[in-house]
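Chains, contacts and geometry: an overview
Spelled out, the chains give:
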Amino acid sequence: MSDVTLDPRQRAPSPAVVGPTNKVAQLKGYLENPALIQRDSLISITPTPAVSSAPIRFRKSLRTTVYEVMRDRGWKETDSESDWDFFWADVHWVHEMFDHIYLSENQKINHFRNHYELTRKDLLVKNVKRMIKTMEKEYGKVEAAKFEFISTSYVLPQEHALFQEEFKRNPGSTWIMKPVGKAQGKGIFLINKMSQISQWRKDPRVKATSKGVSSQSDENEKGRDEAPEAYIVQRYIDNPYLIGGKKFDIRIYVLVTSYYPLVVYIHRNGFCRFSNYHFTMNVKDISNLYIHATNVAIQKTAPKYDSEKGCKWLLRNLKLYLLSKHDSNTIDELFTEMEALIVRSLMAVQKVMINDKHCFELYGYDILIDNNLKPWLLEVNASPSLTSETQFDYELKHSMLNDTFDVIDLEKKVSGVKNRTRVGGFDLVYNDGPVKHERTSNYISYLGKNIIK
């Protein structure tokens, strides 16, 4: 693995330089003179008492773990459509209603207006590709290569011809097809022949509807009911790192409180999701999603699934396992590189995001590690599952959500410090520039480390 640092030695551009020309010039200045904020200098150990004892009034879309966390904090539920302090909304409400309401100074909502620039698979690929071109043009291939964390991808049916040319250059290669706007493994399948694409295009089950393409851009899909559903096809990572012969991916929780300036927190506690069957690239098993997909929604239907144990490890347990197999510098580098991948993906969409002081976003990042210990970004979820499969799953999500609300601080418990560097399990990793550990010369990620309350 090559040397890696958290940043790509870049800082986020200010709102005044978001245009395509001077954005690059601003980035160049940051490359030459990075400013690092000391991570431990602003830690608040004990929050100050709440300014007001009035309970927070909340609305919610679903009754999941987040509902229990809000109730446990003493917040009061309201059915009012406008008289609330906080609304945990689903993305459908955001798309349909957000542009038609006025939010008062104290109100907060859990999505940015156009979050789909990051969370819809085709738009994520488009934004990252654009960033790679910008970086290569201004700084060269070495800097651009730092943004190559998504496997080769094409959007179908629009880029079918380009994909066909790529496939001809690599005959017999395996690719994975994913609908651009669905989650939980719905609609995914693997292919190793171009004829399978032709069959897919004719399959009536993948004909688009205004809802079927993506709830994130329904208005753009009206009148296209006869077109094939939009899919993304990506080169399948056929050399995943295996544990016990099984494939896994990693879920990391990322909290963005602002895009201008870019402010990013990453939670130390995540988990990895395992498949139930041993991994193989045998052609006869190409359609077996119990081997190739790690989504819990798929794996819990497997005959071997144990509902009491589930199919997850805590991230810190994964880190301990990896440390038993590799030297500590290698694993520190891997986890730091995963953190850098997250920050770079957010930088890639920052220019197109609509910032709003009323909004924040809790993303679920899915990352896969290959057998060369290279991390790959699979997708970013705008609404990561907050239901719990097991008791440990519940405790992890409950704690993470409680930390989320501590960062947002609707109760106004903390005054005088805008962006604390450590809140529960969340570490501030980017605050209009990379955040550096105090008293350390080399950056090391806190991902997977123990949380000390």
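Procedures and definitions
- Residues numbered from 1 in each chain as written.
- Predicted model: local features only at pLDDT ≥ 70, side-chain atom pairs only at ≥ 80, totals over all residues.
- Heavy atoms only, no water.
- Buried < 20%, exposed > 50% of the residue type's maximum accessible area, 1.4 Å probe, protein only.
- Helix = DSSP H or I, 4+ residues; strand = E, 2+ residues; numbered from the N terminus.
- Contact = heavy atoms within 4.5 Å.
- Pairing = 2+ DSSP bridges.
- Axes fitted to C-alpha atoms, helices over the stretch in contact; angles between N-to-C directions.
- 1 Å grid on protein atoms, 1.4 Å probe; cavity = no way out; pocket = protein on both sides within 12 Å on 5 of 7 lines; lining within 4 Å.
- Points joined across faces, edges and corners; volume = space filled by probe spheres on them.
- Nonpolar A, V, L, I, M, F, W, Y, C, P; charged D, E, K, R; others polar.
- Arc of directions from axis to C-beta.

1. Description of helix H2 (residues 65–72)
Every buried residue of H2 is listed here: Thr 65, Val 66, Tyr 67, Val 69 and Met 70. Close packing links the buried residues of H2 with strand E2 (57–60), strand E3 (76–77), strand E4 (86–88) and helix H13 (391–408). Gly 74 sits one or two positions beyond H2 and adopts a positive phi of about 85°.

2. Side note on the pairing of strand E16 (residues 375–381)
When you tally the buried positions in E16, you get six out of seven residues, the bulk of the element. Where strand E15 (residues 361–369) folds back on E16, the antiparallel hairpin that results is connected by five residues, among which Leu 373 adopts a positive phi of roughly 60°.

3. Thoughts on the sheet that holds strand E6 (residues 153–156)
With respect to topology, four strands assemble into an open sheet ordered E6-E9-E7-E8, the strand pairing being antiparallel. The open sheet terminates on both sides in strands that have one partner only, identified here as E6 and strand E8 (189–191). Across the sheet, the mean angle separating the axes of adjacent strands is 30° when strand polarity is ignored. Relative to strand E9 (residues 231–235), E6 runs antiparallel, the two being bridged by four bridges. In the strand pairing of E9, Leu 156 is matched with Tyr 231. Strand contacts of helix H7 (residues 160–169): E6, strand E7 (175–179), E8 and E9, with the helix running at about 140° to E6, the strand carrying the most contacts.

4. Concerning the environment of Tyr 305
Mapping Tyr 305 onto the fold places it in the loop between helix H10 (296–299) and strand E14 (312–314). Among the residues examined, Tyr 305 registers a relative accessible area of 15% and is labelled buried. Sequence separation of Tyr 305 and Asn 276 is 29 residues, and the distance between their C-alpha atoms is 6.6 Å.

5. Some words on the side chain of Asp 393
Locating Asp 393 in the fold gives a position in helix H13. When sequence neighbours within four positions are dropped, the list of residues in contact with Asp 393 reads Lys 312, Thr 387 and Ser 388.

6. Concerning the layout of surface pockets
In this model, the second largest pocket occupies a volume close to 970 Å³. Lining the second largest pocket are 36 residues, with Lys 108, Lys 357, Ile 408, Asp 409 and Lys 412 sitting closest to its centre. Elements with a minimum of two residues in the lining of the second largest pocket: strand E11 (246–259), strand E12 (262–267) and H13. Classifying every residue of the lining of the second largest pocket by side-chain character gives 15 nonpolar, 10 polar and 11 charged.

7. Description of helix H11 (residues 315–325)
Because an α-helix completes one turn every 3.6 residues, residues spaced three or four positions apart along the sequence face the same direction. Considered for burial, the residues of H11 that qualify are Leu 315, Leu 318, Lys 319 and Leu 322. Seen along its axis, H11 keeps its buried residues to an arc of 100°; they face one direction. Exposed residues pointing more than 90 degrees away from the buried face of H11 are listed as Leu 320 and Ser 324. In this structure, the buried side of H11 is in contact with strand E10 (242–243), E11, strand E13 (271–278), E14 and helix H12 (328–350).

8. Description of the environment of Phe 147
Inspection of the secondary structure assignment puts Phe 147 in the loop between helix H6 (141–145) and E6. Residues Phe 147 and Ala 340, spaced 193 residues apart in sequence, show a C-alpha to C-alpha distance of 9.5 Å.

9. Brief notes about the sheet that holds E2
Pairing within the open sheet is parallel, and its four strands lie in the order E3-E2-E4-E5. Where the open sheet ends on each side, the last strands, each with one partner, are E3 and strand E5 (108–109). As judged from the two bridges shared by E4 and E5, these two strands associate in the parallel manner. Residue Phe 87 lies in a different strand from E5, and its bridge partner there is Ile 109. Packing against the sheet, H2 makes contact with E2, E3 and E4, and its axis sits at approximately 170° to E2.

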